Structures are given as C-alpha cells and as structure tokens.
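In case you want the letters, here they are:
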Amino acid sequence: MRHEFRKCAQHVEQYAVVENRHSNAVICRLTMPGITGNKCSSVVRRLILWVLLTNIILVLYCLTNSRQGNNRSSQQSPCPLSGAKLLKKNVSVPPQSTTSGECSPKVNIMFMKTHKTASSTILNMLFRFGEKHKLKFALPNGRNDFSYPSAFQCSQVKDFRLGDCFNIVCNHMRFDHQEVAKLLPADAVYITILRNPVDLFESAFHYYHRVIPLTWSIDGEDKLAGFLNNPQSFYRANAFNSFYLKNLLFFDFGLDNNLQGNDRRVARDINILSKRFDLVLFAEYFEESLVLLKDTLCWTTEDILYFKLNVRRSSSVSHLTPELRTKAIQWNEADWKLYQHFNATFWARVEAYGRERIKQEVNELRRRNSEMMEVCIEDGGAVEAQKIQDRRFLPWQPIGESPILGYNMRKNIDPEFRKMWCCLHPGHGETRHPNPHPPLCIGPTACSSLTDSKTLDKSPTPCCLAPKRCNELSDDLRTDTPLSTLPSSNGSYL
C-alpha cells in the first residue's frame, strides 16, 4: 500500500508541476496591458483552488484502485497459507523409498479429466489413493461434473466457502486455471491425459452423436464417414453440444475449439498449457504414462494398479481409412498440434527417465495387474454387458447401444487379497449424465480402513470395479451398510 501511495504521489507531483506552469502562463497573459491587477488575482486564486481539488481527486482515485487491485489478487491466489497448513496437518503419508532415493508422496493434485482418453481409469487411482490417505476432494455440487460444458467456477464445488483448501480436484470440467488455483495449495501438481485426436474424435462421435442434433440429418449407416467427407454441412459452432464434434481437447482445456490450426493463438495457448501442467499422460502409452506418474507423485506400484474401465468392444470401433484419418486431423487441427507438442515432451521425459528402466517397470506393472485380475475377476477379463451377473455393476451405455464392457467379480476371495485390492471404495461421479448421483464402486484399492466384520463380509461381491451411481454416503453408511441395500443404478463412462 505504501508503494502504491508513493507511486500516486509522484504522479500527482508531476501533474501539479504541469498545472503550476500552466497557471504561470495564464498569469503572464493576465499581466499583459489591459488587464487589471484585481481581476488577475481572482483568476489566479481560482486556478490554484482548481489545481488543489484535482490533485486531491487523483490521490483518492489511486488509493481506491490500489485497494481493488489487492482484493483481486487475493481472490485469485491459491488457498490461504493457513488453510494449506491445516490441510497438510490432517494428512499423514509416509515417505517412500525409490530408486532415486527417499521422497514424500504428493497429495495435492489437480487432474484435468479430458473426455474419451482413458481418464476414468486415472480417476479411479486418484479416488483410491485419496481414500487410502484420507485426502480432501473438491467434489461437484449436485452432479457428476463441474457443470460441464460451462467454464469451471469455485461455486460449482460442493459446500465451497471462500478460503477452503482441497487436496485433489479431478472431476470433469471445462478448465479455468485461475478458478482451480483458488482451491489448491501452491505446491499442487497439475496432471492431464491426451489421446490421438483421430481416435478421440472417432470415439466421441460414436459416443455422443445421438445427443448432437447436428448429426441427425447425416444419411447412410456410416455417419462418421458422412460427417468427415463434408463436415461444414453438419457443424455450427454455437449449436447444441457441437463442441463434441471439433477439437474436443481444446474445448476441455477452456480454449476456443473453433480456431484453425495455423492461427497464432493455437501456438500461444499450447505454450500456456505447457506451463500450467507438470505432467501430460497419453492413452496410447498408458503404462509408460503410469510409470512417469508414479515417479512424479512419488507413489508406489500398488497405487497405480488398474483395471481398464468403460472399454468398448472392438466391433463397435470404426477403423478409419487413411483418407478419413487425414480428414479427421484437418478437422481437428488445433487438437492435433496440441497432441504433437506434448507427445514430443512426453518422449523427452521418457528418455530422461531411461528407456530400459521404464521398460522394466512396465513389465512389473503388467505382472502385478495380471495377478490382481486373476484374484478378483471371473471370466479372465471384461465381458459384454448382457453377461454381467450382478446388474448393479452394469456400466453406463450410450443411448440405444450397449458397447461398453464390464466385469464379473469373484464370489470367494481370499481375505488377504480382499483387504489389499478389493475393498469397497466410495468414489464420486466424473462425467456428464442425466443421472445426478455419484458412483459408489470405482475399483480395486489397497485401503485398510475397512475391517473384515464390516461391509466386505456382508457384500456378495466385495471386489468392486465398475463405477456405480448412488447417493453420496456418509462414513457410517460406507462401512456398515451391505451393498445389497444401497441404491442401484447404471455406471458412468469415460
């Protein structure tokens, strides 16, 4: 404040000098022949009074702006230091020993969950880790995402109050860095995941086309090819749900998804994102990405074990011709440039980590995943929706279709493995869907908070993997209520 006052005072002083010189000039003109002395004195006094009043107004204006500027900066800053310290005090995560030495696991994380990129599987890991260490999540207020596709605002967080701090933010949103930063401590790690824009476009088109009116008039069975052969005929920038059809990654990151690839703003926006995010994962190199994630967050291999969630059956995937793939790149050129940029930085990071080292860790991850699959899953893996025995674990399906696979859980699981991998994890929804309830079961976890006498022994299927939608449960309900009495509804999707 003192600095702002001195700055204003300097401006006022300079202004006064100019005004005094102006006044002297007037005085000189007034002393010319024909002007009486009394009239000159009257004019000079009025000018002096006018200069003083002007200076006072300038000082008040500067001081007011200074206070407003300070208020804006405090509102846009990360959560208060006191709140961050309190958050840290309530979290106890023991240091981990790694090949690089001892480190402390990161607990303050922002995961920008993009659409159709295997992001639900990452979300699963975050929920498990957060539940295991009793971390504080910023959750959507009354739905499964942060009011997507509207830009993110802190008011969309459930029970948010100014000054609140959280450990993890990870549900779907349209990214706004300034708003997100208000929720997290300054040392939060920002992570996201990308997918080849051609494959992402194919997946999003098939998944959402029934809720995009622009696509309803496309003739023929292959609507995707019909769209790519003449996209301008079936696209309007401001039409309902049209953002699913063009540069969906750019849109998710809060950017203009209608920019052409050669627009200089595309390169500018990509450069800004590269400074925002500490690690960018890739769906195509999922296991390598998880190894880098483990290294970045100082996690253990157990923390990154996973089952693929919401996978489509292979017959529902359109295999585009080289010509159509080229057209998809041209149509989603901003996303393509984004993907290329971070793909290069990803492999530079792999090189720095060591290709042989990452290969060994990927093999170990696969071994541990196979072991977990054998313990928890019947039928050797994911099955068609109609083959899922427990209907509560049906994954959510697109309107009029059932391409999403799910799992059958083993009935009799060794208590040791049950406690290590398959305990009930109360998660929260991550996607936009008419059903507003968050899912209950989101994956295998190494949580130790539940004892054998609690939910696990009462549940006919203790190994919960597929997302389930149910009302948010209190701690008592989570540990004491049998699964058979909980609300049953369809799961969610990537």
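The structure contained in this document is the topic of the report that follows.

Here is what the cut-offs are and how they apply
Residues numbered from 1 in each chain as written. Predicted model: local features only at pLDDT ≥ 70, side-chain atom pairs only at ≥ 80, totals over all residues. Heavy atoms only, no water. Patch = residues over 30% accessible without salt bridge, like charges linked within 9 Å, V, L, I, M, F, W, Y side chains within 5 Å. Areas by Shrake-Rupley, 256 points an atom, 1.4 Å probe, with all protein chains shown as cover. Salt bridge = Lys/Arg side-chain N within 4 Å of Asp/Glu carboxyl O. Helix = DSSP H or I, 4+ residues; strand = E, 2+ residues; numbered from the N terminus. Buried < 20%, exposed > 50% of the residue type's maximum accessible area, 1.4 Å probe, protein only. Contact = heavy atoms within 4.5 Å. Axes fitted to C-alpha atoms, helices over the stretch in contact; angles between N-to-C directions. Parallel < 35°, antiparallel > 145°, perpendicular 65-115°, else oblique. Nonpolar A, V, L, I, M, F, W, Y, C, P; charged D, E, K, R; others polar. Disulfide = S-S within 2.5 Å. Pairing = 2+ DSSP bridges. Phe/Tyr/Trp six-rings, centres within 6.5 Å; stacked < 30°, edge-to-face > 60°. Lys NZ or Arg CZ within 6 Å of the ring centre and 35° of its normal.

Digging into a nonpolar patch on the surface
- Among the surface-exposed residues, Leu49, Leu53 and Ile56 lie close enough to one another that they form a single nonpolar patch of about 300 Å² accessible area.
- Within the secondary structure, Leu49 sits in helix 2 (residues 37-76).
- Assessed through its relative accessible area of 52%, Leu49 is described here as exposed.

Points about the environment of Leu248
- Among the structural elements, Leu248 can be located in helix 8 (residues 248-252).
- Owing to a relative accessible area of 3%, Leu248 belongs among the buried residues under this scheme.
- In this structure, the C-alpha to C-alpha distance between Leu248 and Ala334, residues 86 residues apart in sequence, is 9.5 Å.
- Contact partners of Leu248, with chain neighbours within four places excluded, come to His115, Tyr148, Leu200, Ala204, Phe243 and Asp335.

Examining the pattern of salt bridges
- Summed over all chains, the structure comprises 12 salt bridges.
- The partner of Asp145 in a salt bridge is Arg143, and the shortest N-O contact between them spans 2.8 Å.
- Here Arg143 falls in the partly exposed class, since its relative accessible area comes to 33%.
- Through salt bridges that share partners, Lys132, Glu302 and Asp303 make up one connected network.

Concerning the packing of helix 6 (residues 197-208) against helix 11 (residues 322-331)
- The geometry of helix 6 relative to helix 11 is characterised by a closest axis approach of 9 Å and an angle of 90° between their N-to-C directions. On the basis of the axis angle, helix 6 is roughly perpendicular to helix 11. On helix 11, the residues touching Val198, Asp199 and Phe201 of helix 6 are Arg325, Ala328, Ile329 and Trp331.
- Taken together, the residues of the contact of helix 6 with helix 11 sort by class into five nonpolar, no polar and two charged.

Considering the side chain of Thr192
- Along the chain, Thr192 turns up in strand 6 (residues 189-194).
- Apart from the residues lying within four places of it in its own chain, the contact partners of Thr192 are Phe111, Met112, Thr114, Phe253, Phe277, Leu279, Val280 and Leu281.

As for the state of the cysteines
- Summed over all chains, the structure comprises one disulfide.
- Between the sulfur atoms of Cys103 and its disulfide mate Cys298 the distance is 1.8 Å. Between Cys103 and Cys298 the disulfide shows an S-S torsion of about 90°. By sign, it is right-handed. Of the two residues, Cys103 is situated in strand 2 (residues 101-103) and Cys298 in the loop between helix 10 (286-297) and helix 11; the sequence distance between them amounts to 195 residues.
- The exposure class of Cys298 is buried, given its relative accessible area of 2%.

Examining the pairing of strand 3 (residues 109-112)
- Residues Ile109 and Phe111 line one face of strand 3 and the alternating positions Met110 and Met112 line the opposite face, and both faces are buried.
- Two strands pair when backbone bridges link them, and strand 3 and strand 5 (residues 168-169) are joined in this way by two bridges, in the parallel orientation. Of the residues in strand 5, the one forming a bridge with Met110 is Val169.
- Sheet topology note: the strand 3/strand 6 ladder contains four bridges and is parallel. The partner of Met112 across the bridge, within strand 6, is Thr192.

Topic: unusual backbone geometry
- Cis geometry marks the peptide bond from Tyr148 to Pro149; its omega dihedral reads 10°.
- Here Pro149 is to be found in the loop between strand 4 (137-138) and strand 5.
- Phi is positive for Ala118, close to 70°, though the residue is something other than glycine.
- For Ala118, the position within the fold is in the loop between strand 3 and helix 4 (119-132).
- Backbone geometry places Lys134, a non-glycine residue, at a positive phi of 55°.
- You can see Lys134 is positioned in the loop between helix 4 and strand 4.
- You can call Lys134 exposed: its relative accessible area is 62%.

As for the packing of aromatic side chains
- A full pass over the atoms with the stated rule returns 25 aromatic pairs.
- A ring pair is formed by Tyr190 and Phe277, whose centres lie 6.2 Å apart and whose planes are at 80°; its orientation type is edge-to-face. A residue pair is termed long-range when its members are at least 10 positions apart, and Tyr190 in strand 6 and Phe277 in the loop between helix 9 (264-276) and strand 7 (279-282) qualify at 87 residues. Residues Tyr190 and Phe277 agree in their burial class; the two are buried.
- With a centroid separation of 5.6 Å and 75° between ring planes, the pair formed by Phe253 and Phe277 is classed as edge-to-face. Of this pair, Phe253 sits in the loop between helix 8 and helix 9 while Phe277 sits in the loop between helix 9 and strand 7, placing them 24 residues apart in sequence.
- Residue Phe253 is classed as buried on the basis of its relative accessible area, which comes to 4%.
- Members of the aromatic cluster, connected to one another through ring pairs, are Tyr148, Tyr207, Tyr208, Phe243, Tyr244 and Phe251.
- The ring of Trp331 carries Lys246 above its face, with NZ or CZ at 3.7 Å from the centroid.

Notes on the environment of Ile358
- Structurally, the position occupied by Ile358 is in helix 13 (residues 355-376).
- Under the relative-accessibility criterion, Ile358 is labelled buried at 5%.
- For the pair formed by Ile358 and Leu292, sequence separation is 66 residues and the distance between their alpha carbons is 8.3 Å.
- The residues contacting Ile358, other than those within four sequence positions of it, are Glu288, Val291, Leu292, Val350 and Tyr353.

Read these as geometric descriptors, not functional statements.
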